[in-house]
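Inside the fold
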Amino acid sequence: MYKKIIIAVAVLLFIGCSSQKYIVGKAAGMFQSVNKEEAILLQNGADKNFCPRCGMDLIKYYKTNHSATHENTVYQYCSMHCLEDHLGDGVELKNPTVVDVDSLKFIDATKAYYVVGSRVRGTMSKISKYAFLNKDEAQKFQAEHSGEIMDFNKALDITKQDFKYIK
């Protein structure tokens, strides 16, 4: 009898301690995640929900999504890291956009205020990068989570350091 109770408790603990908990499609505890209904997917095709560089789920990592156009094809990346990875192939990407953390809409990346290196976990990099259309919102995020506010080009330069041993 006691053996059955111990096994039942162990099973419940194992299930309750799972690292992947989902609440209506949103990964619990992940700042980057949004509900499916909140995400905007810009790509077409069967794999439109996934980063073309690394295959990560774009909704799960939505708040760090970037996009750009190459030869009339829109690519949506899970992060600035994957955008830079594509640039590393020598392609010319046009019209870079990024998700504004505040509105969850894509905005011109060159006009965004990036908070880089906050305590909030990033995507594909140890150094987080979150973008905001409004400087006041970026400052509020920075006040709560630390980090440095910078523009797209400076954030991209920091991202290039992820690849310094590859190139």
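Before reading on, note that the structure itself is shown above.
Reading the values: the criteria
- Residues numbered from 1 in each chain as written.
- Predicted model: local features only at pLDDT ≥ 70, side-chain atom pairs only at ≥ 80, totals over all residues.
- Heavy atoms only, no water.
- Patch = residues over 30% accessible without salt bridge, like charges linked within 9 Å, V, L, I, M, F, W, Y side chains within 5 Å.
- Areas by Shrake-Rupley, 256 points an atom, 1.4 Å probe, with all protein chains shown as cover.
- Salt bridge = Lys/Arg side-chain N within 4 Å of Asp/Glu carboxyl O.
- Helix = DSSP H or I, 4+ residues; strand = E, 2+ residues; numbered from the N terminus.
- Axes fitted to C-alpha atoms, helices over the stretch in contact; angles between N-to-C directions.
- Parallel < 35°, antiparallel > 145°, perpendicular 65-115°, else oblique.
- Contact = heavy atoms within 4.5 Å.
- Buried < 20%, exposed > 50% of the residue type's maximum accessible area, 1.4 Å probe, protein only.
- Pairing = 2+ DSSP bridges.
- Phe/Tyr/Trp six-rings, centres within 6.5 Å; stacked < 30°, edge-to-face > 60°.
- Lys NZ or Arg CZ within 6 Å of the ring centre and 35° of its normal.
- Lys, Arg positive; Asp, Glu negative; His and termini not counted.
- Polar contact = N/O pair within 3.5 Å; in protein donor to acceptor, adjacent residues only side chain to side chain.

Quick word on a nonpolar patch on the surface
A surface patch of nonpolar side chains, amounting to about 190 Å² of accessible area, comprises Ile40, Leu42 and Val74. Looking at the element boundaries, Ile40 is found in the loop between β2 (26-27) and β3 (66-70).

Here we look at the packing of helix α2 (residues 80-87) against helix α4 (residues 152-160)
Their axes nearest at 10 Å, the elements α2 and α4 cross at an angle of 75 degrees. Considered as vectors, α2 and α4 are oriented roughly perpendicular to each other. Side by side, α2 and α4 meet where Met80, His81, Leu83, Glu84 and Leu87 of the first sit next to Phe152, Ala155, Leu156, Thr159 and Lys160 of the second.

Section: the pattern of salt bridges
Evaluated as defined, the whole model comprises five salt bridges. Measuring nitrogen to oxygen at the nearest pair gives 3.8 Å for the salt bridge that ties Lys160 to Asp157. Taken as a pair, Lys160 and Asp157 lie in helix α4 at a separation of three residues, close to a single helical turn. For Lys160, a relative accessible area of 39% puts it in the partly exposed group. Each of Arg53, Asp85 and Asp89 takes part in a single network of salt bridges with overlapping partners.

Quick notes on the pairing of strand β4 (residues 73-77)
Bridge count between β3 and β4: five bridges; the pairing is antiparallel. When the sheet's bridge partners are listed, His66 is paired in β4 with Tyr77.

Things to note about the sheet that holds β3
Strand order in the open sheet made by the four strands is β4-β3-β5-β6, with antiparallel pairing throughout. In this open sheet, the two edge strands, each paired with only one partner strand, are β4 and β6 (106-108). For this sheet, the mean inter-axis angle between neighbouring strands, taken without regard to orientation, is 30 degrees.

Things to note about the packing of aromatic side chains
Taken as a whole and assessed by the stated rule, the structure comprises seven aromatic pairs. Members of the aromatic cluster, each reached through a chain of ring pairs, are Phe31, Tyr130, Phe132 and Phe141. It is Lys63 that lies over the ring of Phe31; its NZ or CZ is 4.1 Å from the centre.

Some points on the side chain of Lys129
Along the chain, Lys129 falls in strand β8 (residues 129-132). For the buried Lys129, no salt bridge is present, and the opposite-charge side chain at shortest range is Asp162, 4.6 Å distant. Here the side chain of Lys129 touches Ser125 through a polar contact of 3.3 Å, side chain to side chain. The residues touching Lys129, leaving out its near neighbours within four places in the chain, are Thr64, Met80, Tyr114, Val115, Val116, Ala155, Ile158 and Thr159.

A closer look at unusual backbone geometry
Its identity is not glycine, yet Asn72 carries a phi of approximately 65 degrees, on the positive side. When you line up the elements, Asn72 lands in the loop between β3 and β4. By relative accessible area, which is 80% here, Asn72 ends up exposed. Phi at Ser146 takes a positive value of approximately 75 degrees, unusual for a residue other than glycine. Tracing the chain through its elements places Ser146 in the loop between α3 (135-145) and β9 (148-150). A residue is classified by how much of its surface remains accessible, and Ser146, at 31% relative accessible area, is partly exposed.

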